[in-house]
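Structural description and commentary
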Amino acid sequence: MRILVTGGAGFLGSHLCDRLIADDHDVTVIDNLFTGRKQNIAHLLQHPRFEFVRHDVIDPFKFEVDQIYNLACPASPPHYQFNPIKTTKTSVMGAINCLGLAKRVRARVFQASTSEVYGDPAVHPQPESYWGNVNPIGKRSCYDEGKRCAETLFFDYHRENGVDIRVVRIFNTYGPRMHEADGRVVSNFIVQALRGQDITIYGDGSQTRSFCYVDDLIEGWLRLMAQTETVGPVNLGNPGEFTMLQLAELTLKLVGGKSKIVYKPLPADDPKQRRPDITLAQKVLGGWTPKVPLEEGLARTIAYFKPRV
Ligand code: NAD
Ligand code: UDP
């Protein structure tokens, strides 16, 4: 197939491109390189079935393709809050441009949505049926509400125009090719531990997240795109739940070194708990289940960062 990947030079996008090229597809990436890097896809740039176009998804684009994966959007809180108006525009205009193209060329179109649509969840773990607890006017709203609006657009294009959509709600995913200055917790802790710097826990470290290794996530994406039973939204993530203090201690154990844990203020609206209910994914994605435990995924990610920091 001919497949368009928006945001394909980012962390998740570059792993997706690897899988798509390995599966013999033609891949076109459009990315404005805001948080992505050409070095993430450097090994693909000379490949005859791979093409990179520097372009902003806010502006319309046209490609003759069979599938579209819409990933373009900064994902780490410091990056999406850097220019919050731009973040909302990217989510909303990017979705409209992908959906308009999908409608025109009859492509199947995938949206990388997020567990942030559940906000600071009052239901735990979070099933897809939960509508969420989101602050519409806070620091995280540009991302949360932008992604919620994108989901709305996907389902309206589906109902009104018959566009063939797939929507996943991604829970915290980590792995090689995260940017060392990304600002998300896994890369922060690993980079700090490798540099012998203090490990910065925000708040008291009792808040929880559930961490999925990148390979498990991408496998779920491909399975969702390959089946026709479910358009989503489908939660994808690893239900293993850890406090940030546990994550800091595990990272320190794996890296070794002399870093000590320090406590910094908790950012506003930081969700207190997060764990995916993945019953739906396990049912509709042909036995998909995350396979890489946190300790093993962290070890692989540490091995990636070690020569780079
Ligand atoms: P990332 O920041 O590494 O990748 C995002 C990519 O989008 C980057 O290459 C960036 O340059 C590009 N981009 C940003 N704005 C753009 C624009 N206006 N036009 C074109 N390209 C643009 O983050 P990631 O972790 O790879 O996330 C990829 C997608 O998955 C995002 O949509 C994110 O919201 C979603 N997601 C990720 C996670 C996670 O844990 N990694 C969780 C939930 C959702
Ligand atoms: N966090 C932390 N130290 C850091 C970076 C993040 O304690 O250096 C915390 C953050 O406050 C949040 C959790 O780790 O409670 C996950 O943060 P991240 O930015 O990775 O993702 P998100 O909050 O979007 O799930």
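Values in this document were obtained by computation on a predicted structure and should not be read as measured data. Every chain's residues receive numbers from 1 upward, in the order its sequence appears when written. Labels follow written order: the first chain is A, the first ligand is 1, and so on. Given that this is a predicted model, residues contribute local features only at a pLDDT of at least 70 and side-chain atom pairs are listed and counted only at 80 or more, while totals for whole chains, interfaces and linings are drawn from all residues. Each side-chain value is derived from all of the structure's non-hydrogen atoms; neither hydrogens nor water enter the calculation.

Focus on the pairing of strand β4 (residues 67–70)
Two faces make up the sheet, and in a regular strand the side chains alternate between them. Buried residues are those whose accessible area, probed at 1.4 Å on protein chains only, stays under 20% of the maximum for their type, while exposed residues exceed 50% and partly exposed ones sit between those limits. Counting from the N terminus, the helices are the DSSP runs of H or I reaching at least four residues and the strands are the DSSP runs of E reaching at least two. Every second residue of β4 is oriented toward a common face, with Q67 and Y69 on one face and I68 and N70 on the other, all of them buried. We treat two strands as partners when DSSP finds at least two bridges between them. When strand β1 (residues 2–6) meets β4, the two strands line up parallel, connected through four bridges. Bridge pairing in β4 links T6 to N70. Bridging between β4 and strand β5 (residues 108–114) involves four bridges; their strand directions are parallel. By the bridge assignment, Q67 is partnered in β5 with R108.

With respect to the site of ligand 1
Of all residues adjacent to ligand 1, which total 30 residues, the nearest are D31, T35, L71, Y143 and T173. For ligand 1, an oxygen atom lies 2.9 Å from a polar atom in the backbone of F11. Under the rule applied, a polar contact is a pair of N or O atoms within 3.5 Å (in protein, one hydrogen donor and one hydrogen acceptor; residues adjacent in sequence only if both atoms are side-chain atoms). At 3.3 Å from an oxygen atom of ligand 1 is found a main-chain nitrogen or oxygen belonging to C73. Coverage of ligand 1 by the protein amounts to 97% of the 820 Å² it exposes when considered alone. Elements with a minimum of two residues in the shell around ligand 1: α1 (11–22), α3 (84–105), β5 and α4 (141–161). Counting residues per element, the shell around ligand 1 draws most heavily on β5, which supplies three residues. Under the grouping applied here, Gly and all other residues not named as nonpolar or charged are polar, the nonpolar ones being Ala, Val, Leu, Ile, Met, Phe, Trp, Tyr, Cys and Pro and the charged ones Asp, Glu, Lys and Arg. Its residues assigned to classes, the shell around ligand 1 shows 14 nonpolar, eleven polar and five charged. Any residue with a heavy atom lying within 4 Å of a molecule or strand is counted as near it. Exposure was quantified through the Shrake-Rupley algorithm and a 1.4 Å probe, taking into account, for residues, occlusion by the shown protein chains and nothing else.

Digging into the state of the cysteines
When the sulfur atoms of two cysteines share a covalent bond, that bond is a disulfide. Two cysteine sulfurs form what is called a disulfide whenever their separation falls within 2.5 Å. What the rule picks out here adds up to zero disulfides. For C17, which is in no disulfide, the shortest distance to another cysteine sulfur is to C98 and amounts to 14 Å. Accessibility expressed as a relative area gives 0% for C17, which makes it buried. Looking at C212, it has no disulfide partner, and the nearest cysteine sulfur is the one in C17, 18 Å off.

Notes on the packing of aromatic side chains
Aromatic rings from Phe, Tyr and Trp, taking only the six-membered ring of Trp, are treated as a pair when their centres fall within 6.5 Å; an angle between ring planes under 30 degrees marks them as stacked, one over 60 as edge-to-face, and anything in between as tilted. As enumerated under the stated definition, the model contains nine aromatic pairs in all. Each ring, one from Y174 and one from F211, has its centre 6.4 Å from the other, and the planes form 80 degrees; the classification is edge-to-face. Taken together, the residues span a long stretch of sequence, with Y174 in strand β7 (residues 173–174) and F211 in the loop between β9 (208–210) and β10 (212–213) at a distance of 37 residues. You'll find Y174 and F211 in the same group, each marked buried. Taken together, Y69, F110 and W221 form an aromatic cluster joined through their ring pairs.

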